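Here is what each chain is made of, one letter per residue.
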Amino acid sequence: MLDRLASTYSTLNALHMVGDREETIHPAGGTQTAFSECELAIASGHRYLARLKQPQQEALAVSDGSTIWRALDRKNQWSKMTASASADDRDRTPGVKADSRDLRESLQEIMLYRFLTLARTAQEPVMGKPQDFKLGQEKIHCHSIRAHTRGTTVELLVDRQRFLILQYREEGESPDGQVEIAMKLKLVELNREVDDSLFH
C-alpha cells in the first residue's frame, strides 16, 4: 500500500489540490490553533499556482512559465518578475523546508512532499476499517492507515482508486509542546484534469 502511494506521488505530471489545514500546539497552560486554506497547482513548463488563505490575509503566487506574479491581497501588495530558467520542478526533492519564503515551495512541502515522505518512511502501518470520504459532491471509498514516523503518529485516508491521501492527521512532540496537524482535501485534479487557465 505505501509503495503504491509513493509511486503515485512520484509520477504525477500535473496536479491541482485544495485543502483545509489545521495546526494546533499545546504549550504549557494553553492551546494555539492556526487555520489555513491551501491551494496548489503544478504543471509542465514551470507553471504553478500557490495560494495560502489565513484569517488575516491571503497570499498568492502564479507562474505561466515565463512570468511570476505574487500578491498579498489584504495589504494590496503585488509584484511581477521573470521566472528563472533554472527553476526546474523535476529537480525538487522532499527536503524542501516548510518555512521557506517561497510560497510554492512551502505548499509543495505541505501538500505533496510530506505525503511522499510519509509513504516512504512510515513504520508499522496498520490497516483500519475502510471509510468513505466526501470530496466535493463525490463519495470516495478509502483505505484507513495508521502508522508511526520519527516519533509521531499518523492517520491517513487513502483513495482506493487513485492512491492519493485525502485526509491526514499527525500527532507528535515539539520543543513548544504537543503538536497536532490535520489536512483535509476538498478538491483533487490530476494530469489532464488540470485546467491551463489556472496559470494565467
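Residues numbered from 1 in each chain as written. Predicted model: local features only at pLDDT ≥ 70, side-chain atom pairs only at ≥ 80, totals over all residues. Heavy atoms only, no water.

**Q** So what exactly am I meant to see when it comes to unusual backbone geometry here?
**A** Leaving glycine aside, a negative phi is the common case for residues, and trans is the common case for peptide bonds. Not every positive phi belongs to a glycine, and R150 is a case in point at roughly 50 degrees. When its relative accessible area of 78% is taken as the criterion, R150 is described as exposed. Unusually for a residue other than glycine, F163 sits at a positive phi of about 55 degrees. When you line up the elements, F163 lands in the loop between β10 (152-159) and β11 (165-174). Judged by relative accessible area, which is 10%, F163 ranks as buried. (Buried < 20%, exposed > 50% of the residue type's maximum accessible area, 1.4 Å probe, protein only. Helix = DSSP H or I, 4+ residues; strand = E, 2+ residues; numbered from the N terminus.)

**Q** How should the confidence of the model for the protein be read in this particular structure?
**A** Note: predicted coordinates in regions of low pLDDT should not be interpreted at a detailed level. Summing up the model confidence of the protein, the mean pLDDT is 86 and the portion of residues at 70 or higher is 88%. Across the protein, strand β8 (residues 131-135) holds the top mean pLDDT of 97, while strand β6 (residues 77-82) sits lowest at 68. Predicted confidence for residues 85-101 stays below pLDDT 50, and this span has 28 contacts to residues more than four positions away or in other chains. (pLDDT = per-residue confidence, 0-100. Contact = heavy atoms within 4.5 Å.)

**Q** Looking at this structure, I do not really get the pairing of β11. What am I missing?
**A** Within a regular beta strand, the side chains point alternately toward one face of the sheet and then the other, so they alternate between its two faces. Note: β10 against β11, six bridges, orientation antiparallel. Residue pairing for β11: E155 is matched across the bridge by R169. In this antiparallel pair of consecutive strands, β10 and β11, the connection spans five residues, and F163 shows a positive phi of 55 degrees. Bridging between β11 and strand β12 (residues 177-190) involves eight bridges; their strand directions are antiparallel. Residue pairing in the sheet places E173 in a bridge with Q178 of β12. (Pairing = 2+ DSSP bridges.)

**Q** I would appreciate a short explanation of the side chain of D102 in the present structure.
**A** Tracing the sequence through the fold places D102 in the loop between β6 and α2 (103-121). You can call D102 buried: its relative accessible area is 18%. Within the structure, D102 has its side chain in polar contact with the backbone nitrogen of R104 (distance 3.0 Å). (Polar contact = N/O pair within 3.5 Å; in protein donor to acceptor, adjacent residues only side chain to side chain.)

**Q** I would appreciate a short explanation of the nonpolar core in the present structure.
**A** The tendency in soluble globular proteins is for nonpolar side chains to be buried as a group. Core analysis: the largest hydrophobic core is formed by 48 residues, its most contacted members being Y9, L107, M111, I165, L166, Y168 and M183. Sorting elements by how many residues they give to this core places α2 first, with 10 residues. Not counting residues within four places of it along the chain, the set of residues in contact with M111 comprises M17, V18, G19, C38, E39, L40, M183 and L185. Among the nonpolar cores identified, the runner-up in size contains eight residues, and A41, A43, V62 and V194 belong to it. (Core = buried A, V, L, I, M, F, W, Y, C linked by side-chain atoms within 4.5 Å.)

**Q** Just checking my understanding: could you explain the pairing of strand β3 (residues 47-53) for this structure?
**A** Burial of β3 is extensive: six of the seven residues sit out of reach of the surface. As judged from the seven bridges shared by strand β2 (residues 32-43) and β3, these two strands associate in the antiparallel manner. Within the sheet, the bridge partner assigned to I42 lies in β3 and is Y48. What sits between β2 and β3 in their antiparallel hairpin is a turn of three residues, with G45 showing a positive phi close to 75 degrees. In the sheet, β3 pairs with strand β4 (residues 58-64) via seven bridges, with the strands oriented antiparallel. Note that in β4 the partner of L49 across the bridge is V62. The antiparallel pairing of β3 with β4 creates a hairpin that spans four residues between the two strands.

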